[in-house]
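# Chains, contacts and geometry: an overview
Residue strings, one per chain:
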Amino acid sequence: MKRHEKYDVIIVGAGIIGLATAYYSTRAGLKTLILDRGKAASGTTAAAAGMLGVQVELQSRTPLYPLANESRRLYEHLEHELMERTGTSLGRTVSGAIKPAFSSEEWKKLEKIEEWQAAAGESVQRLTASELYDELPRLTAGAKGALYFQEEAHVEPAQTAHAFQQAAVLQGAELKTHTEVTSLYREAGSCRGVLTADGTCFYGEQVVLATGPDPLTSSVHMDVLPIEGMKGEAVRVQGKRPLVTKTLYHQHFYFVPKPNGETLIGATSKASRERTTTVEGIGEVLHRAEQLVPEVAEAEITKMWAGVRPQTNDDLPLIGPHPAIPGCWLCCGHGRNGILLAPASGKELVTAIITRNTSALTAFDPGRGSKVEYHSQ
Ligand SMILES: Cc1cc2nc3c(=O)[nH]c(=O)nc-3n(C[C@H](O)[C@H](O)[C@H](O)COP(=O)(O)OP(=O)(O)OC[C@H]3O[C@@H](n4cnc5c(N)ncnc54)[C@H](O)[C@@H]3O)c2cc1C
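Residues numbered from 1 in each chain as written. Predicted model: local features only at pLDDT ≥ 70, side-chain atom pairs only at ≥ 80, totals over all residues. Heavy atoms only, no water.

Let me state the cut-off plainly: UniProt positions are given in the numbering used here, feature names are shortened, and annotations may be inferred rather than shown by experiment.
The protein carries the name glycine oxidase in an unreviewed UniProt entry, which gives Geomicrobium halophilum as its organism. As recorded by UniProt, the Pathway (unreviewed entry) comment attached to the protein reads in full: "Cofactor biosynthesis; thiamine diphosphate biosynthesis." Per UniProt, the protein carries the Catalytic activity (unreviewed entry) text "glycine + O2 + H2O = glyoxylate + H2O2 + NH4(+)".

### Describing the nonpolar core
For clarity, the cut-off: Take the buried residues of types Ala, Val, Leu, Ile, Met, Phe, Trp, Tyr and Cys, join any two whose side-chain atoms come within 4.5 Å, and each joined set is a nonpolar core. In this scheme, a residue with accessible area under 20% of its type's maximum is buried, one over 50% is exposed, and one in between is partly exposed, where area comes from a 1.4 Å probe on protein chains only. In DSSP terms, a helix is any run of H or I states spanning at least four residues, a strand is any run of E spanning at least two, and both are numbered starting from the N terminus. Boundaries of every domain are those given by an automatic assignment or by a domain database. The contact definition used throughout considers only heavy atoms, calling two residues in contact when any of these lie within 4.5 Å.
Counting residues in hydrophobic clusters, the biggest one holds 70 residues, and the most contacted among them are Ile16, Tyr75, Leu78, Leu82, Phe164, Val208 and Tyr254. Considering every element that reaches this core, the biggest residue donor is helix H8 (residues 338-355), with nine residues. When we break this core down by domain, the ones giving at least three residues each are domain 1 (2-85 + 157-227 + 313-364) and domain 2 (94-150 + 228-310). Ignoring sequence-local partners within four residues, the contact set of Phe164 consists of Ile16, Leu19, Ala20, Tyr23, Leu78, Leu82 and Pro343. If you look at the next biggest cluster of nonpolar residues, it comprises 23 residues, including Leu136, Phe255, Val285 and Ala289.

### Points about a nonpolar patch on the surface
Here is the rule: Residues forming no salt bridge and having over 30% relative accessible area are the ones grouped into patches, like charges within 9 Å of each other and nonpolar side chains (Val, Leu, Ile, Met, Phe, Trp, Tyr) within 5 Å. For accessible areas, the Shrake-Rupley method is used with a probe of radius 1.4 Å. Any residue's cover is judged against the shown protein chains and nothing else. A side-chain nitrogen of Lys or Arg and a carboxyl oxygen of Asp or Glu constitute a salt bridge if their distance falls within 4 Å.
Taken together, the side chains of Leu286, Ile301 and Met304 define a hydrophobic patch exposed on the protein surface, amounting to about 230 Å² of accessible area. Assignment of secondary structure puts Leu286 in helix H7 (residues 279-292). On the basis of relative accessible area, Leu286 is assigned to the partly exposed category, the value being 32%.

### Describing the UniProt feature "transmembrane region" (unreviewed entry) in the protein
When the UniProt feature table is mapped to this numbering, "transmembrane region" (unreviewed entry) covers residues 7-25. Overall, residues 7-25 shows 53% helix and 32% strand. The separation of its end C-alpha atoms is 11 Å.

### Brief notes about the side chain of Gln165
If you trace the backbone, Gln165 turns up in helix H6 (residues 157-170). When sequence neighbours within four positions are dropped, the list of residues in contact with Gln165 reads Leu19, Ala40 and Leu175.

### What about the UniProt feature "domain: FAD dependent oxidoreductase" (unreviewed entry) in the protein?
If you check UniProt for "domain: FAD dependent oxidoreductase" (unreviewed entry), the listed places come out as residues 8-350 in our numbering. Along residues 8-350 one finds 30% helix and 29% strand; the C-alpha atoms at either end are 11 Å apart.

### Section: the packing of helix H1 (residues 16-27) against helix H3 (residues 64-86)
Where we set the bar: In this analysis, axes come from line fits to C-alpha atoms, helices being fitted only over the stretch in contact, and the angle between any two N-to-C directions falls in the range 0 to 180 degrees. By definition in this entry, angles of less than 35 degrees are roughly parallel, angles greater than 145 are roughly antiparallel, angles of 65 to 115 are roughly perpendicular, and the rest are oblique.
Viewed as axis vectors pointing N to C, H1 and H3 meet at an angle of 75°, and their least axial separation amounts to 14 Å. As the angle between them shows, H1 and H3 are arranged roughly perpendicular. Residue-level contacts link Ile16, Tyr23, Tyr24 and Arg27 of H1 to Leu74, Tyr75, Leu78, Glu81, Leu82 and Arg85 of H3.

### Overview of the pairing of strand E12 (residues 228-238)
On a regular strand, one side chain projects to one face of the sheet and the next to the other, so that they alternate. Put simply, the rule reads: Strands pair, by our definition, only if DSSP identifies at least two bridges between them.
Burial runs high along E12: nine of the eleven residues are buried. The pairing of E12 with strand E17 (residues 300-311) spans eleven bridges and is classified as antiparallel. What sits directly across from Val235, in E17, is Met304. Where E12 meets strand E16 (residues 270-271), two bridges bridge the pair, whose relative direction is antiparallel.

### Topic: the state of the cysteines
Using the following cut-off: When the sulfur atoms of two cysteines come within 2.5 Å, that pair is taken as a disulfide.
What the rule picks out here adds up to zero disulfides. Distance from the sulfur of Cys191, which forms no disulfide, to the nearest cysteine sulfur (Cys328) is 5.1 Å. A disulfide-free cysteine, Cys331 has its sulfur positioned 7.1 Å from the sulfur of Cys332, the nearest such atom.

### A word on the packing of aromatic side chains
Note the threshold: The rule is short: rings of Phe, Tyr and Trp, with Trp giving its six-membered ring, pair when the centres are within 6.5 Å, and they are stacked under 30 degrees, edge-to-face over 60, tilted in between.
Evaluated as defined, the whole model comprises six aromatic pairs. Seen in terms of ring centroids, Tyr23 and Phe164 are 5.7 Å apart; in terms of plane orientation they differ by 55°. Their pairing is tilted. Taken together, the residues span a long stretch of sequence, with Tyr23 in helix H1 and Phe164 in helix H6 at a distance of 141 residues. Relative accessible area serves as the criterion here: at 0%, Tyr23 is assigned to the buried category. Accessibility expressed as a relative area gives 0% for Phe164, which makes it buried. When the centroid spacing of 6.1 Å and the interplanar angle of 25° are considered together, the rings of Tyr249 and Tyr254 count as stacked.

Structure representation (structure tokens):
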């Protein structure tokens, strides 16, 4: 067995979650190694729309809200901080987002959202039908009104992950790609590193599993809340003129105006770990897109793809210590909000590793079992 020098932290998985964690661990002075079986940010992170959808995604005030809120605030600083350190832009755009209602049932749901968000101090504004069509003139007819969230933003996920990677490496992290971790290395029951497919052992005081939708091994994941694969398919299109100038969000389906003039449209949601882009999936995206913005029929499709969201059954991620393996931590299961939640997840996990105080992460305890207490969707 080949042996390597010892690290303070080994992070398995170089998606946005692992890379953001590496950014904060190196910033705290921890000697950090990141391992990925493929290229960095080539998993689910590459498939994301990049919405930082605190207000459009959360239907009620769940334990996800403080984490999402913290992440949103961190992104405001990270945009400048990472640009300064790496020269890479996150592509952060504060476009605002609009959630229309086409029926009185939908309007009642929006009123509830407006109520909790206003009470939480969020900026949320009602639009009449005519104000809505002023903002989104190409939206299909029949909307009764909308909520407008003017602070909603989005980033370019690949650029953001790359910026975290560059900054972490500049701060001393080592990144090894095309290096598959096959198991944890244990001594007297505690995790002391990882073993890779070529038989190498990397020693680490602490190991963080940030493997997205893929469990490391079934035995490691036996005592933690399961992560299911939730496949999503999406497209990017170029219209003859802008289809939307603000993010349009309706029943978990969205149009996101990207800085290069394209519109990102998605996404499907199907329990599956299959990563193929299918006629059925893209057909569903295009059908729903045309129902919402008929003019999309004339747009050129510039890209289509599929990705697998790491989904838990209570819509909350797993962030914290493994319940049965000392020295092993989890930071995964971020579902449809991993881009949004990456900075706060990484920062809070690193704080917990350093202080051994996990009180801020109670709701995300990986050992919370299969109890379903919260539903955000
Ligand atoms: C269509 C779609 C749209 C989305 N839109 C948004 C959005 O608008 N906003 C938002 O916040 N979120 C969005 N998401 C969700 C978001 O993409 C995910 O929550 C996030 O990317 C998860 O990041 P991750 O780092 O946990 O996983 P990943 O990006 O999958 O990274 C995990 C990494 O671990 C590596 N790995 C796995 N096993 C091993 C192993 N054994 N050894 C070594 N390496 C390993 C993989 O190669 C991979 O690189 C969307 C998802 C989809 C599919």
